[in-house]
Amino acid sequence: MAGPKPLIAGNWKMNGRLADATKLANTVSAFVRALPSTSADVLVCPPFPYLAPVAQALAGSRVRLGAQDCHAEAAGAFTGDVSADMLKDSGCSFVIVGHSERRALHGETDAVVQAKANAVLRAGMTAILCVGETLAERDEGRTIPVVASQLVGSLPANANSENLVVAYEPVWAIGTGRTPTVAQVGEVHGAIRAGLSKKFSDGAKMRILYGGSVNGLNALELLAIANVDGALVGGASLRADAFETIVKAAPRR
Ligand code: PEP
């Protein structure tokens, strides 16, 4: 059975300046325009201050706009934070939550990540919920239980295949140039699929992205693995040519 239409999401993190962001958005928009409608869905997630100008650059394009994080509350005294509704107002339809850099550098627990995912759903957007094991956890043979426990702790209750995407991102593969083997990716994605299918009526249709050092050279192999429904791409999403190669490597549906 063919899976869901793949999604290729670029996480630009805290990189580039305004001119870089709009130039990259224009280039992505141009190459996506030339692709057939059966090619992957494409998403870019710029830094907060560049959401509005990138939204403008993407106007009329089928490239979607996403944010890299949000606050769980709708409003209030949260200096420096941004609510899901504000992101929606800025043109976003996706928000990444629980990225390992947020979990590790900002102390975000599963409960915090779940509250953020709920906020994204309440605002009518799609949450990209990131999970993944550290190298120590993998070496201890705990990958599957760690990922399962992150999912139990952070999945929003009212999720469906329209408003939730899961991203499996082994922490040790992010930004390192190292990737798991095909068998390792297949094992974890299979386990995530089983968990989603058990919990949600349309879990079989939910997109599960792989993330961690995806590039123009390994994308074809990674995107062909069973239950891999796209990629969350960091470093390579900043280079339009590499990002285009990854988008073109996704199966057409
Ligand atoms: C990420 O940060 O989500 C990521 C996958 O980064 P990279 O592709 O650079 O490993």
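Up top is the structure.
### Digging into the pattern of salt bridges
For side chains bearing opposite charge, pairing can occur when the charged atoms are close.
Logical step 1: All chains considered together, the criterion is met by eleven salt bridges.
Logical step 2: Salt-bridge contacts for Lys 13 lead to Glu 101; the nearest nitrogen and oxygen are separated by 2.8 Å. Note that Lys 13 is positioned in the loop between β1 (7-11) and α1 (18-33) and Glu 101 in helix α4 (residues 100-105), a separation of 88 residues in sequence.
Logical step 3: Here the residues in one salt-bridge network are Asp 69, Arg 102, Glu 108 and Lys 116, joined through shared partners.

### Considering the site of the ligand
Logical step 1: Near the ligand lie 14 residues; those nearest to it are Lys 13, His 99, Glu 169, Gly 175 and Ser 213.
Logical step 2: Between an oxygen atom of the ligand and a side-chain N or O atom of Lys 13, the distance comes to 2.5 Å.
Logical step 3: Within the contact set of the ligand, an oxygen atom lies 2.8 Å away from a backbone nitrogen or oxygen of Gly 234.
Logical step 4: About the coverage of the ligand: the protein hides 95% of its 290 Å² of free accessible area.
Logical step 5: The residue inventory of the shell around the ligand, partitioned by class, reads four nonpolar, eight polar and two charged.

### Section: the packing of aromatic side chains
Logical step 1: Under the counting rule described, the total for this entry stands at two aromatic pairs.
Logical step 2: Judged by centre distance (6.4 Å) and plane angle (70 degrees), the ring pair of Phe 31 and Phe 243 falls under edge-to-face. Of this pair, Phe 31 sits in helix α1 while Phe 243 sits in helix α10 (residues 240-249), and the two are 212 residues apart along the sequence.

### Notes on the side chain of Glu 169
Logical step 1: Inspection of the secondary structure assignment puts Glu 169 in the loop between β6 (164-168) and α8 (182-199).
Logical step 2: The charged side chain of Glu 169 is buried without a salt bridge, its nearest counter-charge being Lys 13 at 6.8 Å.
Logical step 3: In this structure Glu 169 touches His 99, Cys 130, Val 131, Gly 132, Glu 133, Ile 174, Gly 211, Gly 212 and Leu 232, once residues within four positions along its chain are discounted.

### A few points about α8
Logical step 1: End to end, α8 covers 26 Å across 18 residues, agreeing with the expected 26 Å (1.5 Å per residue, within 8%).
Logical step 2: All buried positions along α8 are accounted for by Val 185, Val 188, His 189, Ile 192, Arg 193 and Leu 196. Seen from one end, α8 has its buried residues packed into an arc of 140 degrees, which puts them on one side. In α8, those exposed residues whose orientation departs by more than 90 degrees from the buried face are Ala 183 and Lys 198.
Logical step 3: Looking at the buried positions of α8, the neighbouring elements they touch are β5 (126-131), α6 (135-139), α7 (143-154), β6, β7 (207-211) and α9 (219-223).

### Here's the deal with the nonpolar core
Looking at soluble globular proteins, one finds that nonpolar side chains tend to be buried together.
Logical step 1: By size, the foremost hydrophobic cluster in this structure holds 70 residues, and its most contacted members are Ile 8 and Ile 192.
Logical step 2: Beyond its immediate sequence surroundings of up to four residues, Ile 8 is in contact with Ala 40, Asp 41, Val 42, Leu 43, Leu 223, Gly 230, Ala 231, Val 233, Phe 243, Ile 246, Val 247 and Ala 250.
Logical step 3: Counting residues in each nonpolar core, the second largest holds twelve residues, with Cys 45, Ile 96, Ile 128 and Cys 130 among its members.

### Overview of the environment of Leu 43
Logical step 1: Within the secondary structure, Leu 43 is located in strand β2 (residues 41-45).
Logical step 2: With relative accessibility at 0%, the residue Leu 43 sits in the buried group.
Logical step 3: Expressed as a C-alpha distance, the spacing of Leu 43 and Cys 92, which sit 49 residues apart in the sequence, is 9.8 Å.
Logical step 4: Setting aside chain neighbours within four positions, we find Leu 43 in contact with Leu 7, Ile 8, Ala 9, Gly 10, Arg 64, Leu 65, Gly 66, Phe 94, Ile 128 and Phe 243.

### Quick word on the packing of helix α5 (residues 110-122) against α7
Logical step 1: Here α5 crosses α7 at 50 degrees, and the two axes come no closer than 7 Å. Relative to α7, the element α5 lies oblique. Crossing handedness for the pair α5 and α7: right-handed. Between α5 and α7, the contacting residues are Asp 110, Ala 111, Val 113, Gln 114 and Ala 117 on the first element and Ser 149, Gln 150, Gly 153 and Ser 154 on the second.

Calculation rules
Residues numbered from 1 in each chain as written. Predicted model: local features only at pLDDT ≥ 70, side-chain atom pairs only at ≥ 80, totals over all residues. Heavy atoms only, no water. Salt bridge = Lys/Arg side-chain N within 4 Å of Asp/Glu carboxyl O. Helix = DSSP H or I, 4+ residues; strand = E, 2+ residues; numbered from the N terminus. Near = heavy atom within 4 Å. Polar contact = N/O pair within 3.5 Å; in protein donor to acceptor, adjacent residues only side chain to side chain. Areas by Shrake-Rupley, 256 points an atom, 1.4 Å probe, with all protein chains shown as cover. Nonpolar A, V, L, I, M, F, W, Y, C, P; charged D, E, K, R; others polar. Phe/Tyr/Trp six-rings, centres within 6.5 Å; stacked < 30°, edge-to-face > 60°. Buried < 20%, exposed > 50% of the residue type's maximum accessible area, 1.4 Å probe, protein only. Lys, Arg positive; Asp, Glu negative; His and termini not counted. Contact = heavy atoms within 4.5 Å. Expected span 1.5 Å × (residues − 1). Arc of directions from axis to C-beta. Core = buried A, V, L, I, M, F, W, Y, C linked by side-chain atoms within 4.5 Å. Axes fitted to C-alpha atoms, helices over the stretch in contact; angles between N-to-C directions. Parallel < 35°, antiparallel > 145°, perpendicular 65-115°, else oblique. Left-handed = near helix turned anticlockwise from the far one by under 90°.

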